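Notes for the structure review
Next come the chains, spelled out residue by residue.
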Protein chains: 2
Amino acid sequence: MARKYIDNPNACSLVHTMNIIGNKWKPIILYLLSNGSMRFGMLNTLIPTISKKVLTNQLKELESDGLLLRQSFAEIPPRVEYSLTEKAIGLLPVLRQLSDWANEAYPEMEFEQCRIIENGKKPAYNNVYKK
Amino acid sequence: MARKYIDNPNACSLVHTMNIIGNKWKPIILYLLSNGSMRFGMLNTLIPTISKKVLTNQLKELESDGLLLRQSFAEIPPRVEYSLTEKAIGLLPVLRQLSDWANEAYPEMEFEQCRIIENGKKPAYNNVYKK
DNA sequence: CTGGATCCACATAGATACTG
DNA sequence: CAGTATCTATGTGGATCCAG
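For the structure given in this document, a descriptive report is provided here. In this text the structure is predicted, and so the values were computed from the model without any measurement.

Considering the overall build of chain A
- On a plain count of helices and strands, chain A comes out with five helices and three strands.
- Within chain A, buried positions represent 48% of all 131 residues.
- Here the contacts in chain A between residues at least 6 apart in sequence split such that 49% fall between residues at least 24 apart.
- A total of about 6,600 Å² of accessible surface is found on chain A, and carbon and sulfur atoms cover 50% of it.

Here it is, written out as structure tokens:
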């Protein structure tokens with residue numbers, strides 16, 4: 001037995017982090033917003049395999065966890081812009097390290113050939129989004 | 001619109017990382033094994049709210065993704081030891097940064113009061129494991 | 001002790017249609 | 001355009017029993 005007592009604030013904050021961003025879509029949403037704000041429809045276009053319902057839900061959760069700012073403009077047609085909060089911006093370097101780790105640990109995956117979207121068309125190899 | 005074309009090996013490797021470790025239990029399993037190998041039953045004791053079936057499944061997936069080494073000893077009663085691979089060890093610093101981020105971004109959570117287990121008893125506040 | 005097999009409950013995802 | 005509402009399908013998790 002390795003130990004009987006584990007004092008692990010780190011484990012619990014790690015769990016908390018994973019509860020917030022540890023799923024299929026949220027890291028990608030944060031990544032896509034890292035260059036600036038984006039509209040709902042653009043996010044949906046850039047992540048072709050997500051449904052509107054799920055995207056809506058993910059954006060709500062990210063907003064309620066303080067990672068996203070939602071700005072709704074009273075126009076016709078309506079416009080909603082999503083952008084990262086400071087909290088989320090602080091997370092970007094870590095996300096970068098997570099992707100760096102995958103590139104090193106799984107060189108055979110050849111991630112450099114992977115695109116989300118090219119010239120407005122859906123990619124032929126978006127299978128990484130399908131688990 | 002922020003951009004029409006996104007060249008994002010980082011996004012895809014990030015997705016891959018999250019497919020591997022981005023769920024409720026796997027980061028905790030990796031964290032618990034960071035000090036050395038551990039048996040199945042000990043992991044189950046240290047994560048009281050996981051069922052055997054799910055723990056088995058998580059361990060299998062981690063093993064097939066090259067993060068865990070599984071050593072089965074032909075004894076009676078049987079003994080199985082799990083330990084981290086080099087690949088997983090390379091991930092530990094990033095996991096540490098993820099927990100650091102949560103501590104900074106959510107100071108009100110007071111993770112330092114959170115334990116997985118104390119002196120062999122189940123903790124009174126393991127709610128962080130229940131989403 | 002370490003699981004595998006089975007059954008069941010529940011939550012989530014997907015598809016479709018609709019609305020302000 | 002940016003969602004909501006509804007229904008269904010899928011799958012994941014929990015509990016229990018069984019096996020080597």
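Back to the write-up after that little detour.
A closer look at helix α4 (residues 52–64) of chain A
All names here are of chain A.
- Helix length check: α4, at 13 residues, gives a terminal C-alpha distance of 18 Å against a target of 18 Å (1.5 Å per residue), a fit within 8%.
- Looking only at α4, the buried set comprises Leu 55, Gln 58, Leu 59 and Leu 62. One face of α4 carries all of its buried residues, which in axial projection span an arc of 100°. Facing away from the buried side of α4 by more than 90 degrees, the exposed set consists of Lys 53, Lys 60 and Ser 64.

What about the protein's contact with DNA strand D?
- Neighbouring residues of DNA strand D: 18 residues in total, closest Arg 39, Lys 52, Arg 70 and Tyr 82 of chain A together with Lys 53 of chain B.
- Among the atoms of DNA strand D lying within 4 Å of the protein, the sugar-phosphate backbone contributes 60%.
- In this structure, a base oxygen belonging to DNA strand D sits 2.6 Å away from a side-chain N or O atom of Lys 52 of chain A.
- Tyr 82 of chain A has a polar side-chain atom sitting 2.8 Å from a phosphate oxygen of DNA strand D.
- Listed by contribution, the elements that provide at least two residues to the surface near DNA strand D are α3 (40–46), α4 and β3 (79–84) of chain A together with α4 (52–64) of chain B.
- The element best represented in the surface near DNA strand D is α4 of chain A, accounting for four residues.
- Looking at side-chain class alone, the surface near DNA strand D contains seven nonpolar, four polar and seven charged residues.

Some words on the packing of aromatic side chains
Residues and elements named next belong to chain A.
- Taken as a whole and judged by the stated rule, the model has two aromatic pairs over all chains.
- Centre to centre, the rings of Trp 101 and Tyr 106 are 5.6 Å apart; their planes meet at 80°, and the pair counts as edge-to-face.
- The ring centre of Phe 73 lies 3.9 Å from the NZ or CZ of Arg 79, which sits over that ring.

Here's the deal with helix α6 (residues 92–105) of chain B
Residues and elements named next belong to chain B.
- Taking 1.5 Å per residue as the helical rise, α6 with its 14 residues ought to reach 20 Å, and the 20 Å between its terminal C-alpha atoms agrees with that figure.
- Every buried residue belonging to α6 is among Val 94, Leu 95, Leu 98, Ser 99, Trp 101, Ala 102 and Ala 105, and all of these are buried. For α6, the angular spread of buried residues about the axis comes to 150°, placing them on one side.

Scoring rules and cut-offs
Residues numbered from 1 in each chain as written. Chains lettered and ligands numbered in written order. Predicted model: local features only at pLDDT ≥ 70, side-chain atom pairs only at ≥ 80, totals over all residues. Heavy atoms only, no water. Helix = DSSP H or I, 4+ residues; strand = E, 2+ residues; numbered from the N terminus. Buried < 20%, exposed > 50% of the residue type's maximum accessible area, 1.4 Å probe, protein only. Contact = heavy atoms within 4.5 Å. Areas by Shrake-Rupley, 256 points an atom, 1.4 Å probe, with all protein chains shown as cover. Expected span 1.5 Å × (residues − 1). Arc of directions from axis to C-beta. Near = heavy atom within 4 Å. Polar contact = N/O pair within 3.5 Å; in protein donor to acceptor, adjacent residues only side chain to side chain. Nonpolar A, V, L, I, M, F, W, Y, C, P; charged D, E, K, R; others polar. Phe/Tyr/Trp six-rings, centres within 6.5 Å; stacked < 30°, edge-to-face > 60°. Lys NZ or Arg CZ within 6 Å of the ring centre and 35° of its normal.

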